[in-house]
Amino acid sequence: MSSNNLFTPLNIGRLTLNNRIIMAPLTRCRATPDDHIPSDLMIQHYADRADAGLIITECSMITPLTSAFYSEPGVYSEEQLTEWRKITDAVHAKGGKIYCQIWHAGRAAHPDLNQGAETVSSSAIAIDGLVHGPNGKVQHVVPRELTVNEISDIVELFATAAKNCVEVAGFDGVEIHGANGYLIDQFLKNGTNHRTDNYGGSIENRARFALEVLKAVTDAVGGDRVGIRFSPINGYNSQVDSDPEALAEYLAKEVNAFNLAYVHILRRDLTGVLTEDYTGVYRKHFKGVIIGNAQYTREEADEAIANGEVDAVAFGAAYVANADLVTRFKRHAELNTPDYSTFFIPGAKGYNDYPTLDE
């Protein structure tokens, strides 16, 4: 047992966090449709949560025509980066730290959300289920398998996005989205990656894309400004792997080479099928900071940090409804209950209108 808890400062990369309470990346669909520009509502939303040890933004598109949520933000245009700068300035003015989660949706994107643009992935295998399109729910489409040259282009898009996030938009760093069935995860898991070239088959080959992205991004902005998120067992977006423990061990060892600020682990299967937790595999083999995530209570988070299982904990749903989560945790106060019906709709309702303790 250590003396560390949620309120102990933590060094990650070039930052010192005031506490270990992390705001998890939360897609909330408050950017503008079509051009994916962050809205003024988002300035207040993030600034209100600036006392988190670290804010990790919602997943943000690195390139046009890859939308999976219709009105998620991007980081590929000057207009987007200008509006993000207002958000990072507001967070920094309150003493906060903020990373941008950069992301390619891969097969989770849909032509109906992207002006008819084709969907791409590691292999030509569709997600089983429906996606919310602008005109209602539609079936996911079979993606086209990316060529090797296209993979290389996407690696560079991640690097460019990271550089723009740090140098133009003013973020303290970036988190690469390698989880939850989006493009990097589609390469990692053998349920979605049936390639027969150097990007498919063995774990080493399936991890090649993720590691190339890590190299390009860390070369662009420095490893001490970069985190990556993995979801070893999450079945969301029809993800499955035949040996998640072996994949976790390989990734945990390989990412040591990049001197990352942190690795962020979503420990649960959000579809409820699998129950293993491979956070311990990362703890054993990764030598840096580990952020745990998914359904931690305050008490469990404190215990996991004290036991050295993780170094910090990211809270998602709790941060939706409690901008003052740090204060509530300090006072052992009751939390507001999130209104799930407002998670993905436009407007301030369910976004900027939950009461604080002082209210």
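An unreviewed UniProt entry annotates the chain as NADH:flavin oxidoreductase originating from Thraustotheca clavata. On record in UniProt, under Cofactor (unreviewed entry), the comment for the chain is "FMN". Under the UniProt heading Sequence similarities (unreviewed entry), the note attached to the chain is "Belongs to the NADH:flavin oxidoreductase/NADH oxidase family."

**Q** How do you make sense of the packing of helix α1 (residues 40–47) against helix α2 (residues 78–93) when you look at a structure like this?
**A** Packed helix pairs are characterised by how far apart their axes lie and by the angle those axes make with each other. Direction vectors running N to C along α1 and α2 enclose 25°, while the axes themselves pass 8 Å from each other. In terms of their interaxial angle, α1 and α2 are classed as roughly parallel. The chirality of how α1 crosses α2 is right-handed. The segment α1 lies against α2, with Asp40, Met42, Ile43, Tyr46 and Ala47 engaging Glu83, Trp84, Lys86, Ile87, Ala90 and Val91. Counted by class, the contact of α1 with α2 contains eight nonpolar, no polar and three charged residues.

**Q** What is the right way to read the pairing of strand β11 (residues 226–230) from this model?
**A** Consecutive side chains along a regular strand alternate between the two faces of the sheet. Extensive coverage of β11 is indicated by the burial of five of its five residues. The alternating pattern of β11 places Val226, Ile228 and Phe230 and Gly227 and Arg229 on opposite faces, both of which are buried. With five bridges connecting them, strand β10 (residues 173–178) and β11 associate as parallel partners. Each bridged residue has a counterpart across the sheet, and for His177 the counterpart in β11 is Arg229. Here β11 runs beside strand β12 (residues 262–266); their pairing, made up of four bridges, is parallel. Within β12, the residue paired with Phe230 across the bridge is Ile265.

**Q** Which parts of the structure should I look at to understand helix α9 (residues 298–306)?
**A** Helical geometry note: an α-helix holds 3.6 residues per turn, so side chains three or four residues apart project in the same direction. Among all positions of α9, only Arg298, Ala301, Asp302, Ala304, Ile305 and Ala306 are buried. Where α9 is buried, its residues contact β14 (312–315) and α11 (325–331). Residue Gly308 follows α9 closely and has a positive phi angle near 80°.

**Q** What's the story with the sheet that holds β14 in this structure? I'm lost.
**A** Working definition: the strands of a sheet are paired by backbone hydrogen bonds and lie parallel or antiparallel to each other. Strand order in the closed barrel formed by eight strands is β3-β4-β5-β10-β11-β12-β13-β14, and the pairing between neighbours is parallel. Adjacent strand axes in the sheet meet at a mean angle of 25° when their direction is disregarded. Inspection of the sheet shows strand β3 (residues 21–23) paired to β14 by three bridges, in the parallel sense. Note on β14: the bridge partner recorded for Met23 is Phe315. Packing against the sheet, helix α3 (residues 148–167) makes contact with β5 (98–103) and β10, and its axis sits at approximately 160° to β5.

**Q** Help me understand a negative patch on the surface in this model?
**A** A cluster of like negative charges, contributed by Asp34, Asp35, Glu78 and Glu79, occupies part of the molecular surface. In this structure, Asp34 sits in the loop between β3 and α1.

**Q** Honestly, the pattern of salt bridges in this entry has me stumped. Any pointers?
**A** Side chains that differ in sign of charge can pair as their charged atoms come close. What the rule picks out here adds up to 17 salt bridges. Notably, a salt bridge pairs Glu150 with Arg144, separated by 2.7 Å at the nearest N-O pair. Judged by relative accessible area, Glu150 falls into the partly exposed class, the value being 23%. In this structure, a network of salt bridges that share partners links the residues Glu118, Arg144 and Glu150.

**Q** Looking at this structure, how should I read the UniProt feature "domain: NADH:flavin oxidoreductase/NADH oxidase N-terminal" (unreviewed entry) in the chain?
**A** Mapped onto this structure's residue numbering, the UniProt feature "domain: NADH:flavin oxidoreductase/NADH oxidase N-terminal" (unreviewed entry) falls at residues 5–336. Helix makes up 32% of residues 5–336 and strand 18%, and the two end C-alpha atoms of the span are 23 Å apart.

**Q** I'm lost on the packing of aromatic side chains in this one. Help?
**A** A ring pair, where both rings are aromatic, is described by two values, the distance of the centres and the angle of the planes. By the definition in use, this model includes 12 aromatic pairs. Seen from their ring centres, Phe230 and Tyr282 are 5.8 Å apart, and the 25° between their planes marks the pair as stacked. You can see Phe230 sitting in strand β11 and its partner Tyr282 sitting in helix α8 (residues 279–285), a full 52 residues away along the chain. Take Phe230: its relative accessible area is 3%, and that puts it in the buried class. Every member of this aromatic cluster is reached through a ring pair, and the members are Tyr46, Trp84 and Phe171.

Cut-offs and rules
- Residues numbered from 1 in each chain as written.
- Predicted model: local features only at pLDDT ≥ 70, side-chain atom pairs only at ≥ 80, totals over all residues.
- Heavy atoms only, no water.
- UniProt positions renumbered as here; feature names shortened; annotations may be inferred.
- Axes fitted to C-alpha atoms, helices over the stretch in contact; angles between N-to-C directions.
- Helix = DSSP H or I, 4+ residues; strand = E, 2+ residues; numbered from the N terminus.
- Parallel < 35°, antiparallel > 145°, perpendicular 65-115°, else oblique.
- Left-handed = near helix turned anticlockwise from the far one by under 90°.
- Contact = heavy atoms within 4.5 Å.
- Nonpolar A, V, L, I, M, F, W, Y, C, P; charged D, E, K, R; others polar.
- Buried < 20%, exposed > 50% of the residue type's maximum accessible area, 1.4 Å probe, protein only.
- Pairing = 2+ DSSP bridges.
- Patch = residues over 30% accessible without salt bridge, like charges linked within 9 Å, V, L, I, M, F, W, Y side chains within 5 Å.
- Areas by Shrake-Rupley, 256 points an atom, 1.4 Å probe, with all protein chains shown as cover.
- Salt bridge = Lys/Arg side-chain N within 4 Å of Asp/Glu carboxyl O.
- Lys, Arg positive; Asp, Glu negative; His and termini not counted.
- Charge placed at Lys NZ, Arg CZ, Asp CG, Glu CD.
- Phe/Tyr/Trp six-rings, centres within 6.5 Å; stacked < 30°, edge-to-face > 60°.

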